[in-house]
Amino acid sequence: MMTHSIFARMLVALPALLFTCYTASSQKIKRQTDKHIVHQQERMVHKSWNRKNFTPTKGFLGLNYQYWLTWAWHPNYPKTDRRPLSANGPQTLRMGMVLAMQNTEAAYKLQSDTIRETAVSEAAAQSGLLSSADPLWTLYYKQEFEGLLDSAESDHLEGLSDELKTYLRNAGSIQRYNDECTELKERLLGARSANMDRGSRILSYYHMLKDYRKLKARWNAGVLVSKQYLKIMENNPDQKNDRHSPPVLSVPKTDIEIAEDILKKVH
């Protein structure tokens, strides 16, 4: 019974299905093309600008009512180039802005690179770590300060007699000279290691070199005076047993005594 009922329903629905298929096959879909829309699309996208393609046109003596119904509300529209890639189109402006931003970015990058290179060069010029590479230090000041940087106490007494060395040590001259050399050496090392501009560093070299030359001149003069003093001690029998003490000064003589001494030497 159930099978017969299903078959009966299919027989009832079959005519309706056949009618629907026939109607669908007999209908045709017609493509509607509006030339005005096509012209507008071509003007907006890829075709070159052509004002003659604005349709509907005015017609003979401007009597085409379709023109007035269409463009009377937008009188300036046919005169404006609406293409995105036109001279004033939005895409052209966008690409121009992109190029302008790229040029600006390149200019900023060049400026930042210039600032970075300038900062690096200034840091290298002021850094104390690179002071040894300074040409003026390498060619001149290094040789001038060689005796100060590399010398020891024995170097200052080199070439002197043992008697003179002993006298200079006992008198404290060598100790004072070493202390002053150590102080000047610390100043020089501080100027080389400190971060300062090259001009200030060279000026500090100049002033310290003057101080070093004065110190050496005083030392050489002191050594010479000590030699002369030791010679005097050798020739003075009264001070022979006390060579390392200063000479004893006699009581000042009167004018009469001085005149008598002169007359004794003459006769």
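What comes next concerns the included structure. None of these values were measured; they are calculated from a predicted model.

1. A word on the overall build of the protein
When helices and strands are tallied, the protein shows 11 helices and zero strands. The N-to-C order of helical and strand elements in the protein reads α-α-α-α-α-α-α-α-α-α-α. Within the span of the protein, comprising 267 residues, buried residues form 20% of the whole. For the protein, contacts bridging at least 24 residues in sequence account for 56% of all contacts bridging at least 6. For the protein, the exposed area adds up to about 21000 Å²; of that, 60% sits on carbon and sulfur atoms.

2. Remarks on the nonpolar core
The biggest cluster of nonpolar side chains holds 27 residues, and the ones touching the most others in it are Phe145, Leu168 and Leu188. Mapped by element, the contributors of at least two residues to this core are α5 (135–144), α6 (146–149), α8 (162–171), α9 (173–193) and α10 (198–235). Residue contributions to this core peak at 11 residues, all from α10. Not counting residues within four places of it along the chain, the set of residues in contact with leucine 168 comprises Leu157, Leu160, Ser173, Ile174, Trp219, Val223 and Ser226.

3. Details of a nonpolar patch on the surface
Together, Phe60, Leu61 and Leu63 make up an exposed nonpolar region whose accessible area comes to about 420 Å². Residue placement: leucine 63 occurs in the loop between α2 (35–44) and α3 (65–71). By relative accessible area, which is 64% here, leucine 63 ends up exposed.

4. Points about the environment of asparagine 195
If you trace the backbone, asparagine 195 turns up in the loop between α9 and α10. For asparagine 195, a relative accessible area of 63% corresponds to the exposed category. Once the C-alpha coordinates of asparagine 195 and alanine 123 are considered, the two residues, 72 residues apart in sequence, prove to be 8.5 Å apart.

5. Topic: the packing of aromatic side chains
Inspection of every chain in the model, using the stated rule, returns eight aromatic pairs. Both rings, one in tryptophan 137 and one in tyrosine 205, keep their centres 5.1 Å apart while their planes meet at 45°; by these two values the pair is tilted. Pair noted here: tryptophan 137 is in helix α5 and tyrosine 205 is in helix α10, with a separation of 68 residues, a long-range link. With relative accessibility at 3%, the residue tryptophan 137 sits in the buried group. Ring centres 6.2 Å apart and planes at 35° place the aromatic pair phenylalanine 145 and tyrosine 212 in the tilted group. Taken together, the residues span a long stretch of sequence, with phenylalanine 145 in the loop between α5 and α6 and tyrosine 212 in helix α10 at a distance of 67 residues. An aromatic cluster of at least three residues, connected via ring pairs, comprises Trp137, Tyr140, Tyr141, Phe145, Tyr205 and Tyr212.

Conventions and cut-offs
Residues numbered from 1 in each chain as written. Predicted model: local features only at pLDDT ≥ 70, side-chain atom pairs only at ≥ 80, totals over all residues. Heavy atoms only, no water. Helix = DSSP H or I, 4+ residues; strand = E, 2+ residues; numbered from the N terminus. Buried < 20%, exposed > 50% of the residue type's maximum accessible area, 1.4 Å probe, protein only. Contact = heavy atoms within 4.5 Å. Areas by Shrake-Rupley, 256 points an atom, 1.4 Å probe, with all protein chains shown as cover. Core = buried A, V, L, I, M, F, W, Y, C linked by side-chain atoms within 4.5 Å. Patch = residues over 30% accessible without salt bridge, like charges linked within 9 Å, V, L, I, M, F, W, Y side chains within 5 Å. Salt bridge = Lys/Arg side-chain N within 4 Å of Asp/Glu carboxyl O. Phe/Tyr/Trp six-rings, centres within 6.5 Å; stacked < 30°, edge-to-face > 60°.

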